[in-house]
Amino acid sequence: MSSVTLKNVYKRYSGGVTAVTDFNLEIEDKEFIILVGPSGCGKSTTLRMIAGLEEITEGELYIDGKLCNDVPPKERDIAMVFQNYALYPHMTVFANMAFGLKLRHLPKDEIKRRVDEAARILEIEHLLDRKPAALSGGQRQRVALGRAIVRSPKVFLLDEPLSNLDAKLRASMRTELTKLHQKLATTFIYVTHDQTEAMTMGTRIVVMKDGFIQQISAPQNLYDNPVNLFVATFVGTPQMNTIVGTVVDEGGVTYIEFGESRIALPDSKGRKPEVLAYVGKEVILGVRPENIHDEEMYLSQYPDAIVDASVEVVEPMGNENYLYLVCEGRNFTARVSNRSTARNGDKIKVAFETSRVHLFDKDTERTITN
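First things first, this report covers the structure right here in the doc. Note that the structure is predicted; figures quoted are calculated from it, not measured. (Residues numbered from 1 in each chain as written. Predicted model: local features only at pLDDT ≥ 70, side-chain atom pairs only at ≥ 80, totals over all residues. Heavy atoms only, no water.)

1. Considering the overall build of the protein
In terms of helices and strands, the protein carries 11 helices and 21 strands. Oriented by its inertia axes, the alpha-carbon framework of the protein measures out at about 80 × 45 × 35 Å. Out of the 370 residues in the protein, the part that is buried amounts to 50%. Contacts in the protein between residues far apart in sequence, at least 24 positions, make up 66% of those at least 6 positions apart. Put simply, the protein shows about 17,200 Å² of open surface, and 48% of that area lies on carbon and sulfur atoms. Positive and negative charge centroids in the protein, built from 45 and 50 side chains respectively, lie 8 Å apart. (Helix = DSSP H or I, 4+ residues; strand = E, 2+ residues; numbered from the N terminus. Buried < 20%, exposed > 50% of the residue type's maximum accessible area, 1.4 Å probe, protein only. Contact = heavy atoms within 4.5 Å. Areas by Shrake-Rupley, 256 points an atom, 1.4 Å probe, with all protein chains shown as cover. Lys, Arg positive; Asp, Glu negative; His and termini not counted. Charge placed at Lys NZ, Arg CZ, Asp CG, Glu CD.)

Structure, rendered in structure tokens:
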């Protein structure tokens, strides 16, 4: 078992700065948990508290049910992979991977067995005699992972391990890390500011902001059912479009009016008591780029949710186009089919897929309905 539990954890620094506030999380054995959020949100600090590199100011940390607040890092049976790899430049790959095992005074044949096994898993057997300077960024990252794997820890901690790689290599390493997690069948706790990494790798995602947990959920549920505006706009690329509108109840139909435009909500969304409570009040309407359409079939399907827009830029992406629009003085992004005929400068009509829109309280930014 390699479960990790954090109960009411705080991290305060001198000067009154609180980096992490009332952090509660239960990580089950073999989970791939992602801590995600903007720079300065407290995610790396949380990881370092789990590792023992930062003291916990208040609260409790349990690893496999054992209270570990005062347990030294080397006795927590965790392995950490850093952003900068931290390889010894004068040592070979084999020596880098074996270094921690030598400090433990393991027999030479056991060290060789573990290093060879980790190298096989990571497909770097042919690099064992090289030094870090002769390796690519992706190869160095694999060596850093290998150095953690040979220790057979209960928990792997990974602090933005892919951030120094180029975009193509980052994408391939995401896949490799997911496969590695499946092979090792142990607990991974991974920190990143890249929500694409979070969405593609995590079994659950912890979204953080200003030291507070905003939401903990499986990736798809986080995307479909954000609890507030921050989570909604942080998760998803391009990010969710938002505009302030007024809730109107007319003839048994609920509308959202903004500027000269208005869209009708389906009864399944618009007639909810929590939505009707906002009649006459302003709310924030959120709609994801893939839920704004310029094709005729959608214009016919959503006749009460059509708005006029000006096309500022069309960005062809191969299998789809991004349309950068201006609607009611606000910038919108639509993710449409590559069959779209929209061109820069065009005046077009777009339909909002109203079954997929989100509403948020204008003041608290909490979700009213998804």
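2. So, helix α4 (residues 137-149)
Spanning 13 residues, α4 covers 18 Å between terminal C-alpha atoms, matching the ideal 18 Å at 1.5 Å per step. Within α4, 10 of the 13 residues are buried, which leaves the element mostly enclosed by the surrounding structure. Packing partners of the buried residues in α4 comprise β6 (78-81), α2 (93-103), α3 (108-122), β7 (155-159) and α5 (167-184). (Expected span 1.5 Å × (residues − 1).)

3. Here's the deal with the pattern of salt bridges
Two side chains of opposite charge can pair, provided their charged atoms sit close to one another. Counted under the stated rule, the structure contains 18 salt bridges. The closest approach of N and O atoms between R12 and E58, which form a salt bridge, is 3.2 Å. Here R12 is found in strand β1 (residues 4-13), whereas its partner E58 is found in strand β4 (residues 58-63), with 46 residues between them in sequence. Of the residues examined, R12 reaches a relative accessible area of 36% and is grouped as partly exposed. A salt bridge links R120 to E117; the nearest nitrogen and oxygen atoms lie 2.8 Å apart. Placement of the pair is R120 and E117 together in helix α3, with a separation of 3 residues, close to one helical turn. Overall, E117 belongs to the partly exposed group, its relative accessible area being 34%. A single salt-bridge network, built from bridges that share partners, covers K11, R48 and E54. (Salt bridge = Lys/Arg side-chain N within 4 Å of Asp/Glu carboxyl O.)

4. Side note on the nonpolar core
Ranked by internal contacts, the top residues of the largest apolar core, which has 46 residues, are I34, M97, L145, L158, L177, L180 and Y190. Ignoring sequence-local partners within four residues, the contact set of L177 consists of F32, L145, L158, L162, F188, Y190 and M201. (Core = buried A, V, L, I, M, F, W, Y, C linked by side-chain atoms within 4.5 Å.)

5. Quick word on the sheet that holds strand β13 (residues 261-264)
The strand order across the open sheet formed by 6 strands is β13-β12-β11-β14-β20-β21, and the pairing between neighbours is antiparallel. The open sheet is flanked by β13 and β21 (367-369), the only strands paired with a single partner. Averaged over all neighbouring strand pairs, the angle between strand axes comes to 40°, with direction disregarded. Strand direction decides the pairing type here: strand β14 (residues 282-287) and strand β20 (residues 358-361), joined by 4 bridges, are antiparallel. Looking at the pairing, V283 lines up with D361 of β20. (Pairing = 2+ DSSP bridges. Axes fitted to C-alpha atoms, helices over the stretch in contact; angles between N-to-C directions.)

6. Some points on the packing of aromatic side chains
A full pass over the atoms with the stated rule returns 7 aromatic pairs. For the ring pair F156 and F188, a centre distance of 5.0 Å and an interplane angle of 40° mean the geometry is tilted. Taken as a pair, F156 in strand β7 and F188 in strand β8 (residues 187-192) lie far apart in primary sequence, 32 residues in all. Both residues of the pair, F156 and F188, count as buried. Measuring from ring centre to ring centre gives 5.6 Å for F230 and F234, while their planes differ by 20°; the resulting arrangement is stacked. Here F230 and its partner F234 are both found in helix α8 (residues 229-234), 4 residues apart, which amounts to about one turn of the helix. Considered together, F230 and F234 belong to a single accessibility category, that of buried residues. (Phe/Tyr/Trp six-rings, centres within 6.5 Å; stacked < 30°, edge-to-face > 60°.)

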